[in-house]
Amino acid sequence: DVKVTQSSRYLVKRTGEKVFLECVQDMDHENMFWYRQDPGLGLRLIYFSYDVKMKEKGDIPEGYSVSREKKERFSLILESASTNQTSMYLCASRISGGMDEQFFGPGTRLTVL
Amino acid sequence: RKEVEQDPGPFNVPEGATVAFNCTYSNSASQSFFWYRQDCRKEPKLLMSVYSSGNEDGRFTAQLNRASQYISLLIRDSKLSDSATYLCVVNCAYDSGYALNFGKGTSLLVTP
């Protein structure tokens, strides 16, 4: 079974803090993704990575950065957390593009106070 | 980028009913299409891929109309366990590769 794990299920941080969300997949997948999901807005792509040390901005990258130093790990960084970054963050991975299934982690519910 | 549009619902149907969801996408160059299912407080999971010729998986049928840029999902003989949010998904091109763009989802509630 493919497994995508995220470091925390729930996280509470204060405005201005630097926040790291970690994601690990165990199936040697090339591609990894970070989304956020908000009521009424659906899943929106923040950043993705096609290979180690590669990254590309998705549709809403502002206020975020990412790091992919190892194939299995993809980190999302909030340099200075703000209240509008309170959301559910979902990490995903897949073997490659095309018709391959994308597997999601369980999500991290981040609250920024 | 507003790639994928779908009716949010909710659709409330009795057990045994047939229900259809529709979705439109804006990028005519898109090549790959999917339906994902998301249960309450869970992560999305692949329900089925959508092929040009249409495809069926048990009670579920997916259709693609490239000319109209339209995707559909038909669920026959609805079960209580089909209650979930159904996400229409399109594989979209970015600079370095493809990434999935999700519709906002259509909520289905199947009642006894």
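Sequence positions are assigned chain by chain, starting from 1 and proceeding in written order. Chains carry letters from A onward and ligands carry numbers from 1 onward, assigned in written order. Selection of residues for local features in this predicted model requires a pLDDT of at least 70, selection of side-chain atom pairs for listing and counting requires 80 or more, and totals for whole chains, interfaces and linings are taken over all residues. Side-chain numbers come from the whole structure's heavy atoms, not from hydrogens or water.

Asker: In this structure, what is going on with the overall build of chain B? I would like to understand it.
Answerer: Counting from the N terminus, the helices are the DSSP runs of H or I reaching at least four residues and the strands are the DSSP runs of E reaching at least two. Looking only at helices and strands, chain B features 0 helices and 11 strands. When the helices and strands of chain B are placed in sequence order, the string is β-β-β-β-β-β-β-β-β-β-β. In terms of C-alpha radius of gyration, chain B reaches 14 Å, essentially the compact-globule figure of 13 Å for 112 residues. When the backbone C-alpha atoms are referred to their principal axes, chain B occupies close to 45 × 30 × 20 Å. Only protein chains enter the accessibility calculation, which uses a 1.4 Å probe; a residue whose area is less than 20% of its type maximum is buried, one above 50% is exposed, and one in between is partly exposed. For chain B, the residues scored as buried account for 48% of the 112 residues in total. Any pair of residues with heavy atoms lying within 4.5 Å of one another is described as a contacting pair. Taking all contacts inside chain B whose residues are at least 6 apart in sequence as the whole, residues at least 24 apart take part in 57%. With residues, only the protein chains shown are counted as cover, and all accessible areas are computed by Shrake-Rupley using a 1.4 Å probe. Of the roughly 5300 Å² that chain B leaves accessible, carbon and sulfur atoms contribute 48%. Just so you know, the count uses Lys and Arg for positive and Asp and Glu for negative, and it drops His and the chain ends. To locate a charge, take NZ of a lysine, CZ of an arginine, CG of an aspartate or CD of a glutamate. Between the averaged position of the 11 positive side-chain charges in chain B and that of its 11 negative side-chain charges there is a distance of 3 Å. All radius of gyration figures rest on C-alpha atoms, and the globule criterion is 2.2 Å times the number of residues raised to 0.38.

Asker: How should the sheet that holds strand β1 (residues 4–6) of chain A be read in this particular structure?
Answerer: Strand pairs in the sheet, formed through backbone hydrogen bonds, run parallel or antiparallel to each other. Residue and element names in this part refer to chain A. Any two strands with at least two DSSP-identified bridges between them are counted as paired. Taken together, 4 strands build an open sheet; the order of strands is β1-β3-β8-β7 and the sheet is antiparallel. Two strands bound the open sheet, and with one partner strand each, they are β1 and β7 (64–70). When the angles between neighbouring strand axes are averaged without regard to direction, this sheet yields 20°. Direction of pairing for β7 relative to strand β8 (residues 73–78): antiparallel, over a ladder of 5 bridges. Lines are fitted to the C-alpha atoms to define the axes, a helix being fitted only along its stretch in contact, and any angle between axes, read from their N-to-C directions, falls within 0 to 180 degrees.

Asker: What should I look at first to understand the nonpolar core in this one?
Answerer: General note: in soluble globular proteins, nonpolar side chains tend to be found buried as a group. Residues grouped as a nonpolar core are buried Ala, Val, Leu, Ile, Met, Phe, Trp, Tyr and Cys residues, joined through side-chain atoms within 4.5 Å. One finds Y35(A), W35(B), I71(B), Y86(B) and F102(B) to be the most contacted residues of the largest nonpolar core, which totals 42 residues. Beyond its immediate chain neighbours, meaning those up to four positions away, I71(B) contacts F21(B), N22(B), C23(B), Y25(B), F33(B), W35(B), V50(B), Q63(B), L64(B), C88(B) and V90(B). In terms of nonpolar packing, the next biggest core, distinct from the first, is built from 20 residues, M32(A), Y47(A), Y64(A) and A81(A) among them.

Asker: Would you mind showing me how to read the packing of aromatic side chains here?
Answerer: The way to describe two aromatic rings as a pair is by their centre distance and the angle between their planes. All names here are of chain B. By convention, a stacked pair of Phe, Tyr or Trp rings (six-membered ring in the case of Trp) has centres within 6.5 Å and planes under 30 degrees apart, an edge-to-face pair has planes over 60 apart, and any other such pair is tilted. Applying the stated rule across the entire model yields 14 aromatic pairs over all chains. Their ring planes at 70° and their centres at 5.6 Å tell us that Y36 and F102 sit as a pair that is edge-to-face. A residue pair is termed long-range when its members are at least 10 positions apart, and Y36 in strand β4 (residues 32–38) and F102 in strand β10 (residues 98–102) qualify at 66 residues. Y36 gets classed as buried once you look at its relative accessible area, which sits at 0%.

Asker: Would you explain the confidence of the model for chain B in this entry?
Answerer: In low-pLDDT segments, the atomic positions of the prediction should not be examined closely. Of all residues in chain B, 98% have pLDDT values of 70 or greater, and the mean over the chain is 93. Here β10(B) is the element of chain B with the lowest mean pLDDT, 91, and strand β11 (residues 106–111) of chain B is the one with the highest, 97. Per-residue confidence from the predictor is reported as pLDDT, which spans 0 to 100.

Asker: When you look at the environment of G42(A) in this model, what are you seeing that I'm missing?
Answerer: Mapped onto the elements of the fold, G42(A) is located in strand β5 (residues 42–49). For G42(A), a relative accessible area of 6% translates into the label buried. Apart from the residues within four sequence positions on either side, G42(A) is in contact with R36(A), Q37(A) and K104(B).

Asker: Explain the sheet that holds strand β8 (residues 70–75) of chain B to me, please; I cannot follow it from the model alone.
Answerer: All names here are of chain B. Reading across the sheet, the 5 strands line up as β1-β3-β8-β7-β6 and stay open at both edges, with antiparallel pairing between neighbours. The open sheet is flanked by β1 (4–6) and β6 (55–57), the only strands paired with a single partner. Taken over all neighbouring pairs, the strand axes of this sheet differ in orientation by 20° on average, direction set aside. Here β1 pairs with strand β3 (residues 19–25) via 3 bridges, running antiparallel. In the strand pairing of β3, E5 is matched with T24.

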